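The residues making up each chain are set out below.
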Amino acid sequence: MNNREVAKIFADVANMLAIRGDIIHRVLSYRRASEAIQELGRDINQVYEVGELTDIPGIGKTLAEKIEEMLTTGKLAFYDKLAQEIPPSLVEMLKVDGLGPKRVKQVYETLGITTLAELDTAAKAGKLRELPKMGAKSEAKLVKAIEALARHGDDRTPIGEAWPLAQQILAELEPLPGVVKTAVAGSLRRMKESIGDVDLLVAADDAAPIMDYFVNMPRVESISGHGPTKSSVVLLNGMQVDLRVLPIERWGTLLSYFTGSKDHNVRLRELALKQGLSLNEHAFTPTNDGGGADSAEILCDSEEKLYQVLNLPYILPTLREDRGEIEAALNGQLPQLIQIEQIVSDLHMHTTWSDGKMTVLEMAQAAQARGMQYIVITDHSQSLGIANGLTPARLWQQAEEIAAANEQMGPEFRILHGTEMEIKADGSLDFEDEVLARLDFVIASLHVSLNQPHEQVMKRIMNAMHNPHVDMIAHPTGRLLPDRPGADLDMETVLQTAVSTQTILEINANPRRLDLRDSHVRRAMELGVLLSINCDAHHVEQFDLLHYGVATAQRGWATGEMVVNSWPLAKLLTFLEEKGR
Ligand code: DGT
Ligand code: CA
Ligand code: CA
Ligand code: ZN
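Cut-offs used in this document
- Residues numbered from 1 in each chain as written.
- Chains lettered and ligands numbered in written order.
- Predicted model: local features only at pLDDT ≥ 70, side-chain atom pairs only at ≥ 80, totals over all residues.
- Heavy atoms only, no water.
- Domains from an automatic or database assignment.
- Contact = heavy atoms within 4.5 Å.
- Buried area = accessible area lost by both parts, 1.4 Å probe.
- Patch = residues over 30% accessible without salt bridge, like charges linked within 9 Å, V, L, I, M, F, W, Y side chains within 5 Å.
- Areas by Shrake-Rupley, 256 points an atom, 1.4 Å probe, with all protein chains shown as cover.
- Salt bridge = Lys/Arg side-chain N within 4 Å of Asp/Glu carboxyl O.
- Lys, Arg positive; Asp, Glu negative; His and termini not counted.
- Charge placed at Lys NZ, Arg CZ, Asp CG, Glu CD.
- Helix = DSSP H or I, 4+ residues; strand = E, 2+ residues; numbered from the N terminus.
- Buried < 20%, exposed > 50% of the residue type's maximum accessible area, 1.4 Å probe, protein only.
- Donors = N, O, S within 2.8 Å, 3.2 Å for Na, K, Ca; no water.
- Tetrahedral: all angles 85-135°; square planar, octahedral: opposite > 155°, others 65-115°.
- Near = heavy atom within 4 Å.
- Polar contact = N/O pair within 3.5 Å; in protein donor to acceptor, adjacent residues only side chain to side chain.
- Nonpolar A, V, L, I, M, F, W, Y, C, P; charged D, E, K, R; others polar.
- Pairing = 2+ DSSP bridges.
- Axes fitted to C-alpha atoms, helices over the stretch in contact; angles between N-to-C directions.
- Core = buried A, V, L, I, M, F, W, Y, C linked by side-chain atoms within 4.5 Å.

Visitor: Can you walk me through the domain arrangement of the chain in this structure?
Guide: As a measure of interface size, the accessible area lost when the parts come together is often cited. Parsing the chain into structural domains produces domain 1 (3-152), domain 2 (157-246), domain 3 (252-330) and domain 4 (340-579). Put simply, the middle of domain 2 and the middle of domain 4, counted by C-alpha atoms, are 36 Å apart. Taken residue by residue, the interface counts nine residues in domain 2 and ten residues in domain 4. Between domain 2 and domain 4, roughly 790 Å² of surface is buried when both sides are summed, and carbon and sulfur atoms account for 62% of that area.

Next up, the structure:
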């Protein structure tokens with residue numbers, strides 16, 4: 001079994017336990033284990049072989065034994081036993097908006113419904129309205145929710161779609177009368193690569209006009225809720241957006257609550273309780289004063305204040321996953337996360353020489369306008385015909401244009417000459433070493449034959465990393481979000497080889513790539529891999545994608561010193577020179 005299969009079994013077990021009505025603690029431990037495995041940067045079979053299963057966050061001795069059972073026998077007896085009691089097909093029903101484990105259990109036990117299709121039929125036949133706490137209205141709502149699920153799937157929205165849309169909506173809400181402040185919250189603020197629904201917050205004293213505007217926006221397909229402080233809509237593209245409006249005095253607690261993650265919030269509440277405070281989205285309240293109307297609430301108008309009350313340093317949203325950030329904060333060991341202002345360069349971009357849309361000079365000027373100090377021009381190499389890849393002869397012509405552009409840019413900015421060289425399907429590199437030796441910076445990339453068998457594709461990337469002229473591997477796995485998974489690589493070996501060969505690995509900032517992804521970055525930091533965050537821009541506008549890459553780096557706990565394009569030019573050149581020897 002692979003990571004995904006093991007994660008799926010655990011997720012199913014969590015849901016089956018929830019339907020059965022087990023204690024939440026048990027349900028959550030399976031759910032967290034599933035997520036940890038889903039996001040693991042290493043092959044779980046390998047982790048098992050080296051005896052490190054219990055190093056995975058959320059995996060203790062019991063769960064490690066269950067993983068061992070699955071990896072060695074391909075089955076889990078506990079799952080099979082549970083399935084006799086709770087049909088696994090019930091799990092699918094939980095995807096229906098508004099349908100919880102209790103209700104699923106009820107329709108199963110009273111009506112014998114075991115699949116989503118049966119549920120749909122029963123609802124349309126009016127058989128559900130008789131159930132306790134149901135009724136014709138809830139039944140109709142359910143039919144609509146099942147339809148919506150069929151239409152949109154349970155697909156999460158890639159962050160590259162959700163982020164710009166959320167910014168547009170906030171920009172529309174900002175000028176409304178009475179609006180003091182706006183923010184994104186939820187997984188979008190934590191910058192996860194995919195978003196379930198978009199959560200927006202507005203601080204204002206009078207919520208009604210803002211809610212009215214929100215539910216009547218032209219891009220709204222349907223309104224799923226319209227209340228005094230909370231409204232929810234589904235947009236034409238299928239994305240669900242929640243909006244909450246609140247007074248500014250409670251901004252900190254509310255923003256923190258709705259930023260999540262749930263797991264992080266649970267930890268914050270535990271810390272509060274240890275101080276005799278209960279924490280919710282409205283305030284801290286002393287647990288011993290009865291919580292009456294005149295109780296001594298502590299209001300937080302900022303998140304900084306909230307963390308202060310808990311005696312913690314401020315924790316950036318990109319860290320809030322309960323993956324050790326609370327412990328690190330308590331021990332004063334939070335990493336000095338890379339910040340976007342520290343990025344002074346981009347090492348990967350294309351021009352009209354291959355498949356880019358702008359000239360060398362235009363790219364340089366745009367980069368300088370965004371605060372960059374130097375860039376590397378890295379057009380595609382000869383074998384990538386569809387991208388008009390450069391032969392050595394054209395490379396040397398390009399060198400002249402780069403020299404001229406450097407003249408024009410003056411001493412404050414530097415354009416280096418590089419290549420994004422193909423790692424060809426047979427594993428060979430697209431340029432001879434003599435060519436590579438004359439370039440300032442060499443990227444090697446997998447673009448073709450990504451679906452080769454594991455051994456073959458591993459050989460290709462290892463061969464590239466072992467070439468002393470290769471400085472960086474771009475978008476190492478080659479995945480494309482949401483559904484092209486990338487090459488079948490053993491990332492642990494790739495990361496370790498990056499260390500031993502001093503090869504920089506890219507965090508490609510394009511939101512369709514985010515490659516390395518956050519969990520790989522986290523492992524890379526543990527191993528000491530050098531990283532760089534690049535936009536792979538084919539147009540100057542794509543320099544604006546940088547923030548996605550920085551957020552991904554932060555989610556992997558990357559520090560400035562390990563991100564080479566935060567280094568001054570001289571430091572990078574020294575590194576490249578010494579590495580080449
Ligand atoms: P998503 O939408 O699936 O990508 O993930 P989130 O994290 O945006 O989750 P969402 O939209 O369900 O809720 C937004 C935040 O609100 C979540 O991160 C934490 C908070 N929250 C929502 N429901 C609960 C809850 O039942 N308990 C706790 N502790 N927090 C909650
Ligand atoms: Ca959300
Ligand atoms: Ca939400
Ligand atoms: Zn590229």
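Resuming the write-up.
Visitor: Honestly, a negative patch on the surface in this entry has me stumped. Any pointers?
Guide: A grouping of Asp 43, Glu 49, Glu 455 and Asp 488 is seen on the molecular surface, where their side chains present a negatively charged patch. Here Glu 455 is to be found in helix α19 (residues 454-466). For Glu 455, a relative accessible area of 58% translates into the label exposed.

Visitor: It is not clear to me how the coordination of the calcium ion (ligand 3) should be interpreted in this structure. Could you clarify?
Guide: Each angle at a metal carrying four tetrahedral donors should ideally be 109.5 degrees, and each at a metal carrying six octahedral donors should ideally be 90 or 180 degrees. On the protein side, the calcium ion (ligand 3) has Asp 197 (OD), Asp 197 (OD), Asp 199 (OD) and Asp 242 (OD) as donor atoms, found 2.3 to 2.7 Å from it. Summarised as a motif, the one-chain spacing of the donors to the calcium ion (ligand 3) is D-x1-D-x42-D. Taking relative accessible area as the criterion, Asp 197 reaches 22% and is therefore assigned partly exposed.

Visitor: Sorry if this is basic, but what is going on with the coordination of the zinc ion (ligand 4) here?
Guide: At this site the zinc ion (ligand 4) is bound by His 348 (NE2), His 350 (NE2), Glu 420 (OE) and Asp 536 (OD), with donor distances of 2.1 to 2.3 Å. Taken together, the four donor atoms coordinating the zinc ion (ligand 4) and their angles of 80 to 166 degrees define a geometry best described as irregular. Linear spacing of the donor residues for the zinc ion (ligand 4) on their chain is H-x1-H-x69-E-x115-D. With His 350 in the loop between β10 (345-346) and α16 (360-369) and Asp 536 in the loop between β16 (531-534) and α22 (546-555), this residue pair connects regions lying 186 residues apart in the sequence. Considered together, His 350 and Asp 536 belong to a single accessibility category, that of buried residues.

Visitor: I tried to follow the site of ligand 1 on my own but got confused; where do I start?
Guide: Around ligand 1 sit 16 residues in total, of which Arg 156, Ser 187, Arg 190, Gly 196 and Asp 197 are the nearest. A distance of 2.7 Å separates an oxygen atom of ligand 1 from a polar backbone atom of Gly 196. The side chain of Asp 199 places a nitrogen or oxygen atom 3.0 Å from an oxygen atom of ligand 1. Contact with the protein chains covers 71% of the free accessible surface of ligand 1, which is 590 Å². Breaking the shell around ligand 1 down by element, the ones donating at least two residues are α10 (186-189), α12 (251-259) and α13 (262-274). Grouping the constituent residues of the shell around ligand 1 by class yields three nonpolar, seven polar and six charged. Three or more residues apiece are contributed to the shell around ligand 1 by two domains, here domain 2 (157-246) and domain 3 (252-330).

Visitor: I tried to follow the sheet that holds strand β11 (residues 374-380) on my own but got confused; where do I start?
Guide: By definition, the strands of a sheet pair up through backbone hydrogen bonds, in either a parallel or an antiparallel sense. Spatial ordering of the open sheet is given by β10-β11-β12-β13-β14-β15-β16, a layout of seven strands whose pairing is parallel. Taken across any chain shown, the strands that pair with only one partner, and hence form the sheet edges, are β10 and β16. With two bridges connecting them, strand β14 (residues 472-473) and strand β15 (residues 504-508) associate as parallel partners. Looking across to β15, one finds that Ile 473 is bridged to Leu 505. Sitting on the sheet, helix α23 (residues 569-580) touches β11, β12 (414-422), β13 (441-445) and β15, and the angle it makes with β12 is about 45 degrees.

Visitor: Looking at this structure, how should I read the nonpolar core?
Guide: General note: in soluble globular proteins, nonpolar side chains tend to be found buried as a group. If you look at the biggest cluster of nonpolar residues, it comprises 82 residues, and the most contacted ones within it are Ile 415, Ile 461, Leu 505, Leu 531, Ile 533 and Phe 543. Excluding residues within four positions of it along the chain, Leu 505 makes contact with Ile 473, Pro 476, Val 494, Leu 495, Ala 498, Leu 516, Val 529, Leu 530, Leu 531 and Ser 532. Counting residues in each nonpolar core, the second largest holds 51 residues, with Leu 40, Ile 44, Phe 78 and Leu 128 among its members.

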